[in-house]
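Letter by letter, the chains look like this.
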Amino acid sequence: MAGTGAPEVDVDVIIVGAGISGIGAATRLVTEMPSKSFVLVDARQSIGGTWDLFRYPGIRSDSDLITYGYEYKPWTDKQAIAPGAAILNYLREAITEYDLQAHLRLGRKVINAAWSSADARWTVSMLNAETGAVETLTARWIFSATGYFDHAEGYRPTFEGEDSFAGQIIHPQHWPEDLDYTGKRVVIIGSGATAVTMLPAMTDKAAHVTMLQRSPSYVVPLPSQDLVFNVLRRFLPTRQAFRGARRANIARIAAIVGLSQRYPNKVRQVIRWVNKAGLPKGFDVDTHFNPSYNPWEERMCVSPDGDLFKAIKAGKASVVTDRIKRFTAEGVELESGQVLPADVIITATGMKLLPFGAIDAGVDGRPIDWSDTVAYKSFMLSGVPNFAYAFGYTNNSWTLKVDLVTEHWCRLLAHMEQQRQDTVVPTLEDPQMPRRPFIDDLSSSYVRRGIEAFPHQGESGPWTAAMHYPTDVERLQKAAVEHDALVFGHAVARTPVAT
């Protein structure tokens, strides 16, 4: 680390990805380890990650911003389930407040990272999007904040007869900014968060919007404003009100997930009752809002203020549950024989998983196969030195975990600096330890399609990728950074320290 006598490097840390996770890691470094030099790089020409990439109508978080925002930067907008533009503004504020502008290297796609044990450093190659040149820098640490899906393309199945369709076919990940759907008939293929978000947002201009789903998802109406926060802030300073609301929301989500896992049939009945109350009389709830799986075996979809149900009740939107036979010139023909007329078809068919931005990485000349590694405390990988990453919760707000990980990581950096150590690598005591998929609590199609390319997890101890906030509080926030599974060391080529 800095001052240890190890060979010089360009920066102490390169953070890959300037979305909510990468900016979270950068702000932690600024506040907790201000002596560390770092750069924050992103393949895109702008910050924001997901919130800059997706431009489709209604783009928003399905988590409340009281918990999705950083614990140390209160979310102050009245809308807790917030649109993407507001989240992007929040991230831009963080860039300004923590003076991160000078650290940004945008338009740089990391394509290769090579670790040298002799020098205790990474050599990172980046493609400059503007010039086409490959740039290199050296760093003592890599912090991967690339998320878990492919930003270049989403999952897009091919449908029979697509070439015959007379209208436009659009994937939400590549939304054309000049699309005018005023007065047009829109069919959205999908039943996940994207489809549930887009349907009500498009009804203001479209003649009619139909959500065509092969199978239903759970959709839960929630208030877009956070009542607890908005009440508390009347009597308390904003920061205290934020902390109180945050604790309440963490407990609420944990209770819902816990009840869903313990009493799935009861929770299913409650959700059905709520859905039925929000839909037109006689609506076929059991066909269109009755998933085949139990609550929280896949993420639940949120409908702020019941906007999806209101759109259906107003006759502006509809839901069809069927399988696609083919596209026709006029729209979509279903296996039941029904034809859905359409001018615009949106394939909200999901995303492709991609580990660590598809970086080609190696340790001392040996390529890293990410799927051969095992997660250590959900933020490092077995056999990979000086490499940390952020991967948030699948059953709660993503950033809750990012906050815990970045805090623990900064404590690890401080410990290594104090002990004058250059390297740390999680090491499996038993390489034959039984392994499970990195995500094993969701049965979603997009998870099943791509999870095998990701690291695995073990069955106990620090080798689990916990999706349980209280567990992570204990092992990341409260536990010491030293652990029997961590091997600390020095650069082989280290220059002796002057005395």
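Just above sits the structure.
What comes next is a walk through the structure. It should be emphasised that the depicted structure is a prediction, and the values quoted were computed from it without experimental measurement.

### Points about the overall build of the protein
Step number 1: A count of helices and strands for the protein gives 13 helices and 27 strands.
Step number 2: In terms of C-alpha radius of gyration, the protein reaches 24 Å, essentially the compact-globule figure of 23 Å for 499 residues.
Step number 3: C-alpha atoms of the protein, sized along the principal axes, occupy 85 × 55 × 45 Å.
Step number 4: Evaluated residue by residue, the protein yields a buried proportion of 55% over its 499 residues.
Step number 5: Across the protein, the fraction of contacts at a sequence separation of at least 24, relative to all contacts at a separation of at least 6, is 71%.
Step number 6: In the structure as shown, the protein presents an accessible area of about 21,400 Å², 51% of it carried by carbon and sulfur atoms.

### Considerations on helix 4 (residues 84-97)
Step number 1: Helix length check: helix 4 (14 residues) gives 20 Å between terminal C-alpha atoms against 20 Å at 1.5 Å per residue, within 8%.
Step number 2: Restricting attention to buried positions, one finds in helix 4 the residues Gly 84, Ala 86, Ile 87, Leu 88, Tyr 90, Leu 91, Ala 94 and Ile 95.
Step number 3: Looking at the packing, one finds that the buried side of helix 4 touches helix 1 (20-32), helix 2 (50-53), helix 3 (65-68) and strand 3 (104-106).
Step number 4: Looking at the residues trailing helix 4, positive phi occurs at Asp 99, about 55 degrees.

### So, the sheet that holds strand 17 (residues 344-347)
Step number 1: Within the open sheet, the five strands sit side by side as 8-17-9-10-13. Their pairing is parallel. Strand pairing shows two members of the sheet lacking a second neighbour, strand 8 (168-170) and strand 13 (317-321), which therefore form its edges. If you compare each strand with its neighbour and ignore which way they point, the axes differ by 20 degrees on average.
Step number 2: Summarising the sheet, strand 10 (residues 208-213) and strand 13 pair through five bridges and their orientation is parallel.

Reading the values: the criteria
Residues numbered from 1 in each chain as written. Predicted model: local features only at pLDDT ≥ 70, side-chain atom pairs only at ≥ 80, totals over all residues. Heavy atoms only, no water. Helix = DSSP H or I, 4+ residues; strand = E, 2+ residues; numbered from the N terminus. Rg over C-alpha atoms; globule rule 2.2 N^0.38 Å. Buried < 20%, exposed > 50% of the residue type's maximum accessible area, 1.4 Å probe, protein only. Contact = heavy atoms within 4.5 Å. Areas by Shrake-Rupley, 256 points an atom, 1.4 Å probe, with all protein chains shown as cover. Expected span 1.5 Å × (residues − 1). Pairing = 2+ DSSP bridges. Axes fitted to C-alpha atoms, helices over the stretch in contact; angles between N-to-C directions.

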